[in-house]
Amino acid sequence: MRKRTVFRLAATTAAVGAATLAYASLVERNMFTLRRYDVPVLPTDAEPLRVLHLSDLHMMPDQARKQRWVASLAALDPDLVVVTGDNMAHPEAVPGVLRALQPLLDYPGAFVFGSNDYTGPVWKNPFTYFLPDREYVEGVELPYEELRDVLTGAGWIDLNNARATVKAGGRVIDLVGVDDPHIERDDYAAVAGRVAASAEVSIALTHSPEPRVLDQMSADGFGLLLAGHTHGGQVCVPGVGALVTNCGLPRSMARGLHRWPGSDSWLHVSAGLGTHPTAPVRFACPPEASILTLIAR
């Protein structure tokens, strides 16, 4: 009797595990979701400004469903499009990324790169994400310069360790960004400085939301900080949330809108639209894009 009970428990556990894996890999990772947030960062009586935040496409050449869904976001008619990196997951991904972004290139835009824009993914043990000092392993080089040329050729602003002013939605926006801190390509010191007095809106971009970078951006007065990288935890526990963030950010801030501690700045972390190709699963954390409506304080 005891052996039969143990066998039934083992069989039930295996069945539940298999069903969960099938759901995470076949269903939820394709449940593209649009999040909406109001962010009170504008001066009193200012008209709202709509920012579309995309991140972590991790595009493979054959992901037509994802490409169509991202392209459909042009119907939101955003004032500004912001992309916070990790666009590619394959050396031949640029055409797929462009099929996704093409309708959005008609709008003002800005971008920074992530590690998976420079080099492709490699297989890794998922449990190593729990190790704070794990070694970063590079994969094959990706055509990031080709992607950069297309985006800048369409008029989007490259904010990898750069600063710029853009007019969008009838407003002057002060923009700053860094290259990916996750692989130590960031150089905020080269672009640091207080928000321009003439700017009506200020936005800072980074792929990985490392606190050391976010602290500097908020200290310079940037009202909205945008990041990706975390995948929202990718595999979350209902009622608990993310187990890891793969950066210095607390697990409670792995995705969504938060006030950055000790400042007047707001941080939005996108859970992203893709997955690592060697771990194509999401659980309790569907892929997402966000429309951020900036409103008066």
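Thresholds applied
- Residues numbered from 1 in each chain as written.
- Predicted model: local features only at pLDDT ≥ 70, side-chain atom pairs only at ≥ 80, totals over all residues.
- Heavy atoms only, no water.
- Pairing = 2+ DSSP bridges.
- Helix = DSSP H or I, 4+ residues; strand = E, 2+ residues; numbered from the N terminus.
- Disulfide = S-S within 2.5 Å.
- Buried < 20%, exposed > 50% of the residue type's maximum accessible area, 1.4 Å probe, protein only.
- Polar contact = N/O pair within 3.5 Å; in protein donor to acceptor, adjacent residues only side chain to side chain.
- Axes fitted to C-alpha atoms, helices over the stretch in contact; angles between N-to-C directions.
- Contact = heavy atoms within 4.5 Å.

The name that an unreviewed UniProt entry assigns to the protein is Metallophosphoesterase, with the source organism given as Micromonospora globbae.

**Some words on the sheet that holds strand S14 (residues 288–296)**
Strand order in the open sheet made by the six strands is S1-S14-S2-S3-S4-S5, with mixed pairing throughout. The open sheet has two edge strands, strand S1 (33–42) and strand S5 (157–158), and neither has a second partner. In terms of strand pairing, strand S2 (residues 49–54) meets S14 through five bridges, oriented antiparallel. Bridged to Val51 within S14 is Leu292.

**Some thoughts on the state of the cysteines**
Across all of its chains, the model carries zero disulfides by this definition. As a non-bridged cysteine, Cys236 has Cys285 as the owner of its nearest cysteine sulfur, 4.2 Å distant. Taking relative accessible area as the criterion, Cys236 reaches 5% and is therefore assigned buried.

**Considerations on the side chain of His258**
Mapping His258 onto the fold places it in strand S12 (residues 256–259). One polar contact links the side chain of His258 to the main-chain carbonyl oxygen of Arg255, over a distance of 2.9 Å.

**Points about the pairing of S14**
Of all nine residues in S14, seven are buried; the element is thus mostly enclosed. Sheet topology places S1 next to S14; nine bridges connect them, and they run parallel. In the sheet register, Tyr37 faces S14, and the bridge partner there is Leu292.

**Overview of the sheet that holds strand S7 (residues 171–177)**
The mixed open sheet is built from six strands, whose spatial order is S6-S7-S8-S9-S13-S12. Every other strand in the sheet has two partners, leaving strand S6 (162–168) and S12 as the edge strands with one partner each. Averaged over neighbouring strand pairs, the angle between their axes works out to 25° when direction is ignored. Pairing of strand S9 (residues 224–227) with strand S13 (residues 266–269) involves four bridges; the strand directions are parallel. Paired with Leu225 across the strands is Leu267, a residue of S13. Strands in contact with helix H6 (residues 211–219) are strand S8 (201–205), S9 and S13; relative to S9, the strand with the most contacts, it is inclined by about 155°.

**A word on the side chain of Thr206**
Position of Thr206 among the secondary structure elements: in the loop between S8 and H6. A polar side-chain atom of Thr206 sits 2.9 Å from the main-chain carbonyl oxygen of Ser208. Here Thr206 is in contact with Thr84, Val112, Val178, Pro181, Val213, Leu214, Met217, Leu226, Ala227 and Gly228, once residues within four sequence places are set aside.

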